[in-house]
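Letter by letter, the chains look like this.
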Amino acid sequence: MRIETPRYTERFGAVRLNDVQKVLELDAGRGDGCAAQEGLAVQRIDEATLRDVEQRMAIVLPTKDEKLKLFEGVIGGIPHECLMILVSNSERERVDHFRMEWETLEQYCQFTRRHAIAVHQKDPTLGRALQAAGYPHVLDDDGLIRDGKAEGMIVGMLLAKLAGKDYVGFIDADNYFPGSVWEYVRSYAAGLSMANSPYSMVRILWRYKPKLSTHGFYFKKWGRVSQTTNRVMNALVSINTGFETDVVKTGNAGEHAMSIRLAEILPYAAGFAVEPQELLSIFEAYGGIHAAPDRDAARQGVQIVQLESRNPHLHEDKGQNHLLEMLMAGLGAVYHSSLSDDTVRDLIRDELDRQGALPRDHAPPCPTVMPPFGDADVEALNEALGECCHDIWISGRPK
Ligand code: GDD
Ligand code: MG
């Protein structure tokens, strides 16, 4: 892979946030005769390095009632070396959609000689295991894991840690192009291999998100939700550094990856506020404004890499209400951040009002924020879950 060298890095306390780097070449060739460092503008990441990171990475697939054909395509795009972790919150009563998912995954693993883990978010054993591990923060009063993509992601991260992985990445299960899934995971590996801190994160900016219009396809660059989230996020960074910036371009990035060492020290917001809150959690803890909770992370710094894909992104259209819900969740996280001030909060009220999401005299709701999972006892989790040594380990599988 060849990727642009970062041209600009915003420094915010111990946080280093690179401006967007474009993926230039998906396959950088054999590399015979290539110098290790080719030039100032471009970085070449060789196959062995990518595979090494992929082997140390788990890919979490949060899923809720997506079309099986899409799920099948998505798993086909995940590089061979990665461990796949399906965290499903799909229907089980009317039709057992989860069963269809794990059967598809199991068959795929048999043919491709892969390993995978599949769990259902509402499996009571999983709820009990989290309780046993001392991490009850995602559980409801009945001891079951609450609905939500973020809650599924936390389960996936804990399982990645349990599996001994050093990195964890996320891929939505409603992606139409297996080739773009492949590119995202390769980009995670490239970005994480380039990072010069053990506390690192890679966030993907899609080159285009095609929309079908009356004139055919229109290759849209920015979605309305991401544009707004980035704007308020940049306002928040600007007021805290005193210098206006537009460096944040991946405030909502669902496609992202982290080192486990970073993942386990971050607080997470519930539902769709999760991705903006990850950035806020990093800024709040390591931006130099408040005392850093983890001294080693403060010493080594947290590095965030933003990569622009070659592939366009095409996924399921979930409708207008879903977009408003996502907008409100993300802006609510920024609004209630300890780094926010009246200027940022006014901007957020204006945006929510302008977009018809909330009248100006209303504040967006404060997201539920769950503490880091770093202190959870993964051995106790393992014991409570039982053996996980088959080609595919599936929770709640009928005996
Ligand atoms: N496990 C689990 N539990 N998965 C869920 C749940 C849940 O309760 N709810 C949704 N998912 C899964 C979906 O099935 C899909 O695979 C993925 O999470 C993302 O959900 P979508 O409903 O497709 O979200 P989106 O496409 O509108 O938004 C995506 O992109 C945004 C950035 O543009 C998400 O990744 C957002 O988190 C992201 O901010
Ligand atoms: Mg989607």
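Residues numbered from 1 in each chain as written. Chains lettered and ligands numbered in written order. Predicted model: local features only at pLDDT ≥ 70, side-chain atom pairs only at ≥ 80, totals over all residues. Heavy atoms only, no water.

K.L.:
Looking at this structure, I do not really get the environment of threonine 49. What am I missing?
P.N.:
Here threonine 49 is to be found in helix α1 (residues 47-55). Threonine 49 gets classed as partly exposed once you look at its relative accessible area, which sits at 30%. Sequence separation of threonine 49 and histidine 215 is 166 residues, and the distance between their C-alpha atoms is 43 Å. (Helix = DSSP H or I, 4+ residues; strand = E, 2+ residues; numbered from the N terminus. Buried < 20%, exposed > 50% of the residue type's maximum accessible area, 1.4 Å probe, protein only.)

K.L.:
Whenever I open this one, the side chain of glutamate 278 confuses me. Can you help?
P.N.:
Among the secondary structure elements, glutamate 278 is positioned in helix α9 (residues 274-286). Within the structure, glutamate 278 has its side chain in polar contact with the side chain of arginine 203 (distance 3.2 Å). (Polar contact = N/O pair within 3.5 Å; in protein donor to acceptor, adjacent residues only side chain to side chain.)

K.L.:
Hey, could you run me through the packing of helix α7 (residues 224-241) against helix α12 (residues 342-354) in this one?
P.N.:
When two helices pack together, their arrangement is given by the angle between the helix axes and the distance between those axes. The geometry of α7 relative to α12 is characterised by a closest axis approach of 10 Å and an angle of 170° between their N-to-C directions. Put simply, α7 runs roughly antiparallel to α12. Between α7 and α12, the contacting residues are Thr228, Arg231, Val232, Ala235, Leu236 and Ile239 on the first element and Val344, Leu347, Ile348, Glu351 and Arg354 on the second. Counted by class, the contact of α7 with α12 contains seven nonpolar, one polar and three charged residues. (Axes fitted to C-alpha atoms, helices over the stretch in contact; angles between N-to-C directions. Parallel < 35°, antiparallel > 145°, perpendicular 65-115°, else oblique. Contact = heavy atoms within 4.5 Å. Nonpolar A, V, L, I, M, F, W, Y, C, P; charged D, E, K, R; others polar.)

K.L.:
Any chance you could explain the pattern of salt bridges here in plain terms?
P.N.:
Side-chain pairs of opposite charge can arise where the charged atoms are in close proximity. By the definition in use, this model includes 30 salt bridges. The shortest N-O distance in the salt bridge between aspartate 52 and arginine 56 comes to 3.5 Å. We note a salt bridge from lysine 122 to aspartate 147, for which the minimum N-O separation is 3.0 Å. Taken as a pair, lysine 122 in the loop between β8 (116-120) and α4 (124-132) and aspartate 147 in the loop between α4 and α5 (149-162) lie far apart in primary sequence, 25 residues in all. (Salt bridge = Lys/Arg side-chain N within 4 Å of Asp/Glu carboxyl O.)

K.L.:
Just to check I follow, could you spell out the site of ligand 1 for this structure?
P.N.:
As a matter of local geometry, ligand 1 sits amid 22 residues, with Glu66, Asp172, Asn252, Lys318 and His322 nearest to it. Between asparagine 89 and ligand 1, the recorded distance is 3.1 Å, taken from a side-chain N or O atom to an oxygen atom. Within the side chain of histidine 322, a nitrogen or oxygen atom sits 2.6 Å from an oxygen atom of ligand 1. Protein chains bury 93% of the 740 Å² of accessible surface belonging to ligand 1 in isolation. Breaking the shell around ligand 1 down by element, the ones donating at least two residues are β6 (57-63) and α11 (320-335). Taken together, the residues of the shell around ligand 1 break down into six nonpolar, eight polar and eight charged. (Near = heavy atom within 4 Å. Areas by Shrake-Rupley, 256 points an atom, 1.4 Å probe, with all protein chains shown as cover.)

K.L.:
Whenever I open this one, the pairing of strand β11 (residues 209-213) confuses me. Can you help?
P.N.:
For a regular strand, the rule is simple: side chains alternate between the two faces of the sheet. Direction of pairing for β11 relative to strand β12 (residues 216-220): antiparallel, over a ladder of five bridges. Bridging across to β12, lysine 211 finds its partner in tyrosine 218. Turn length for the β11-β12 hairpin, with the two strands adjacent in sequence and antiparallel, is two residues. (Pairing = 2+ DSSP bridges.)

K.L.:
Would you explain the nonpolar core in this entry?
P.N.:
Side chains of a nonpolar character, in soluble globular proteins, are inclined to be buried together. Counting residues in hydrophobic clusters, the biggest one holds 76 residues, and the most contacted among them are Ile85, Met157, Met258, Leu262, Tyr268 and Phe283. No other element matches the eight residues that α5 contributes to this core. Those residues in contact with leucine 262, other than ones at most four positions away along the chain, are Tyr199, Ser200, Met201, Ile282 and Val302. Ranked by size, the runner-up nonpolar core spans 39 residues in total, among them Val74, Ile78, Tyr167 and Val181. (Core = buried A, V, L, I, M, F, W, Y, C linked by side-chain atoms within 4.5 Å.)

K.L.:
In this structure, what is going on with the coordination of the magnesium ion (ligand 2)? I would like to understand it.
P.N.:
Four donors placed tetrahedrally about a metal ideally form angles of 109.5 degrees, and six donors placed octahedrally ideally form angles of 90 or 180 degrees. Asp174 (OD) and His315 (ND1) make up the full set of protein donors to the magnesium ion (ligand 2), lying at 2.2 to 2.3 Å. Taken together, the positions of aspartate 174 in the loop between β9 (167-170) and α6 (178-194) and histidine 315 in the loop between β15 (302-308) and α11 put the pair 141 residues apart, joining distant regions of the chain. Judged by relative accessible area, histidine 315 falls into the partly exposed class, the value being 26%. (Donors = N, O, S within 2.8 Å, 3.2 Å for Na, K, Ca; no water.)

K.L.:
Quick question: what am I supposed to make of α7 here?
P.N.:
Since the α-helix advances by 3.6 residues per turn, residues separated by three or four positions end up pointing in the same direction. With 18 residues, α7 ought to run about 26 Å at 1.5 Å a step, and its terminal C-alpha atoms sit 26 Å apart, in line with that. Residues of α7 that are buried: Val225, Thr228, Thr229, Asn230, Val232, Met233, Asn234, Leu236, Val237 and Ser238. Just beyond α7, the residue with positive phi is glycine 242, at close to 85°. (Expected span 1.5 Å × (residues − 1).)

K.L.:
Would you take a moment to explain the packing of aromatic side chains for this structure?
P.N.:
Any two aromatic rings considered together are summarised by their centre-to-centre distance and by the angle between their planes. Tallied over the entire structure, the rule returns four aromatic pairs. Site record: aromatic cluster; members linked through ring pairs are Tyr208, Phe217 and Phe219. The ring of tryptophan 222 carries the charged tip of lysine 221 above its face, separated from the ring centre by 5.7 Å. (Phe/Tyr/Trp six-rings, centres within 6.5 Å; stacked < 30°, edge-to-face > 60°. Lys NZ or Arg CZ within 6 Å of the ring centre and 35° of its normal.)

K.L.:
Please explain the environment of proline 198 as it appears in this structure.
P.N.:
When you line up the elements, proline 198 lands in the loop between α6 and β10 (199-205). Taking the C-alpha atoms as reference, proline 198 lies 30 Å from glycine 332; in sequence the two are 134 residues apart. Beyond its immediate chain neighbours, meaning those up to four positions away, proline 198 contacts Ser259, Arg261 and Gln300.

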